[in-house]
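What the coordinates show
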Amino acid sequence: MRKIYGISNVIAADIRELKEARENGPFERLDVTDGMKLSVTAKRHNVDTIIHLAAILSAKAETMPLKAWHVNMVGLINALEVAKEMNLQFFTPSSIGAFGPSTPKEDTPQVTVQRPITMYGINKVTAELLCDYYFNRYGIDTRGIRFPGLISHATTPGGGTSDYAVDMYYHAVIKKAYISCIAEGTRMDMMYMPDALDAIIQLMEADSKKLVNRNSYNISAFSVAPEDFAKAIRKYIPEFKLDYQIDLVRQNIAESWPDSLDCTAAKEEWGFQAKYDLDKTTEDMLRKVEENMVNKNSEMKGKSS
Ligand code: SER
């Protein structure tokens, strides 16, 4: 976003002190559950848009459901209130987690049954409804995407059910082997981070009048199970070994989610199109993870010498 909109026009915020974000441009340390600070910060920078991403993800939320409710819901309503106060454009992601076992699994429609069985999923359905409410009641330009599992080399796994994919790439590079907590044959929608970032920007730039399903759009790049990642990895690391040791919490969550989403509404209403398929994602991930490891090793050597 800084490349597109200018460094000083994108204010990064996180509850942690992120050295890299601070070095790259304006950065604020912010806890989304602190509504007052959120409001003061937004006003100080005179922002015109909020991209509200902070959340506790699905598997972690099951270990602390009340905290997840607090961070995911109080954080969201605080951000929506600031958007209302300042009449901002607003984005927050929903997720494949907003669906449940009674949702059709294949080609999951844009508008369908949403009865999730996780705290995270309940938070996401509530978030979709709240965003609709702020749009209909106050005219706030809210927009959202139901993200599939996102694969990124820049962030390490953070408590998501789909995070096993990121973990597998790191283990493939470091150990040439991985033990999956998700069972063979369990398919999920996934997407490489550059496509997810492009999708947010494309949706936010889209003509508001065309957005019938504004909160929130199904999108996906590929629908895969653990063994599909392994097969793709073996094209580059032929000796890669995949074993299984099922984590029941994560497995239950994964089984309650769709196998593949129908993304027609996103394509028709704002031109969604993913660039990275599984092979392109794998090639890029393995290269970037390798680079990250080389950089980390040379940093460690620098410190010890
Ligand atoms: N990637 C998220 C998770 O696994 C889903 O939105 O929790």
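1. Some points on the packing of helix α7 (residues 164-174) against helix α9 (residues 226-234)
Where α7 meets α9, the axes come as close as 11 Å, and the angle between the chain directions of the two elements is 30°. When the axes of α7 and α9 are compared, the pair comes out roughly parallel. In this structure, α7 meets α9 at a crossing whose hand is right-handed. The residues of α9 that touch α7, namely those facing Tyr164, Ala165, Met168, Tyr169 and Ala172, are Pro226, Phe229, Ala230 and Ile233. Tallied by class, residues from the contact of α7 with α9 come to nine nonpolar, no polar and no charged.

2. Side note on the sheet that holds strand β12 (residues 222-224)
The strand order across the open sheet built from three strands is β8-β10-β12, with neighbouring strands paired in mixed fashion. Two strands close off the open sheet at either side, each with one partner strand: β8 (149-151) and β12. Between one strand axis and the next, the sheet turns by 40° as a mean value, whatever way the strands run. Where strand β10 (residues 188-192) and β12 come together, three bridges link them in antiparallel fashion. Counted as the bridge partner of methionine 190 is phenylalanine 222 from β12. Contacts from α7 reach β8, β10 and β12, with the element oriented near 25° to β8.

3. Some words on the state of the cysteines
A complete count under the given rule lists zero disulfides for this structure. The closest cysteine sulfur to the non-disulfide-bonded cysteine 263 is located on cysteine 131, 20 Å from its own sulfur.

4. Examining the nonpolar core
Ranked by internal contacts, the top residues of the largest apolar core, which has 53 residues, are Ile151, Tyr164, Met190, Ile219, Phe229, Phe240 and Trp270. At eight residues, the largest contribution of residues to this core is made by α7. The contact partners of phenylalanine 240, leaving out residues within four places of it in the chain, are Met168, Ala172, Lys176, Ala177, Tyr178, Ala230, Ile233 and Arg234. Among the nonpolar cores identified, the runner-up in size contains 18 residues, and Ala79, Ala83, Leu130 and Ile140 belong to it.

5. Focus on empty space enclosed by the protein
One pass over the structure, following the stated rule, counts two cavities of 30 Å³ or more. Estimated volume of the largest cavity: approximately 110 Å³. Every residue along the wall of the largest cavity is listed here: His52, Leu53, Ala54, Ala55, Asn72, Met73, Leu76, Thr92, Pro93, Asn123, Lys124 and Ala127. Of all the elements in the fold, those that place two or more residues in the lining of the largest cavity are α5 (65-86) and α6 (119-138). Looking at the lining of the largest cavity, its residues break down into seven nonpolar, four polar and one charged.

6. Digging into the environment of alanine 83
Relative to the helices and strands, alanine 83 resides in helix α5. The class for alanine 83 is buried, based on a relative accessible area of 0%. On a C-alpha basis, the gap between alanine 83 and valine 47 in space is 9.6 Å, while along the polypeptide they are 36 residues apart. The contacts of alanine 83, once residues within four sequence positions are left out, are Leu88, Phe90 and Ile140.

7. Remarks on the pairing of strand β9 (residues 177-180)
Burial of β9 is one-sided: the residues Tyr178 and Ser180 facing one way are buried, the residues Ala177 and Ile179 facing the other way are not. Relative to strand β13 (residues 241-244), β9 runs parallel, the two being bridged by four bridges. When the bridges of β13 are listed, alanine 177 appears paired with lysine 241.

8. Here we look at the site of the ligand
Residues in close proximity to the ligand include Leu57, Ser58, Ser95, Tyr120, Gly160, Thr161, Ser162 and Trp257, which together make up its full environment. Taking threonine 161, its main chain carries an N or O atom lying 2.6 Å from an oxygen atom of the ligand. Serine 162 places a side-chain nitrogen or oxygen 2.8 Å from a nitrogen atom of the ligand. Bound to the protein, the ligand loses 93% of the 240 Å² it would expose on its own.

9. Concerning a nonpolar patch on the surface
Together, Met1, Ile4 and Tyr5 give the surface a local cluster of nonpolar side chains, amounting to about 280 Å² of exposed area. Examined against the element boundaries, isoleucine 4 turns out to sit in helix α1 (residues 2-5). Overall, isoleucine 4 belongs to the exposed group, its relative accessible area being 54%.

Definitions and limits used
Residues numbered from 1 in each chain as written. Predicted model: local features only at pLDDT ≥ 70, side-chain atom pairs only at ≥ 80, totals over all residues. Heavy atoms only, no water. Axes fitted to C-alpha atoms, helices over the stretch in contact; angles between N-to-C directions. Helix = DSSP H or I, 4+ residues; strand = E, 2+ residues; numbered from the N terminus. Parallel < 35°, antiparallel > 145°, perpendicular 65-115°, else oblique. Left-handed = near helix turned anticlockwise from the far one by under 90°. Contact = heavy atoms within 4.5 Å. Nonpolar A, V, L, I, M, F, W, Y, C, P; charged D, E, K, R; others polar. Pairing = 2+ DSSP bridges. Disulfide = S-S within 2.5 Å. Core = buried A, V, L, I, M, F, W, Y, C linked by side-chain atoms within 4.5 Å. Buried < 20%, exposed > 50% of the residue type's maximum accessible area, 1.4 Å probe, protein only. 1 Å grid on protein atoms, 1.4 Å probe; cavity = no way out; pocket = protein on both sides within 12 Å on 5 of 7 lines; lining within 4 Å. Points joined across faces, edges and corners; volume = space filled by probe spheres on them. Near = heavy atom within 4 Å. Polar contact = N/O pair within 3.5 Å; in protein donor to acceptor, adjacent residues only side chain to side chain. Areas by Shrake-Rupley, 256 points an atom, 1.4 Å probe, with all protein chains shown as cover. Patch = residues over 30% accessible without salt bridge, like charges linked within 9 Å, V, L, I, M, F, W, Y side chains within 5 Å. Salt bridge = Lys/Arg side-chain N within 4 Å of Asp/Glu carboxyl O.

In short, geometric facts, not functional conclusions.
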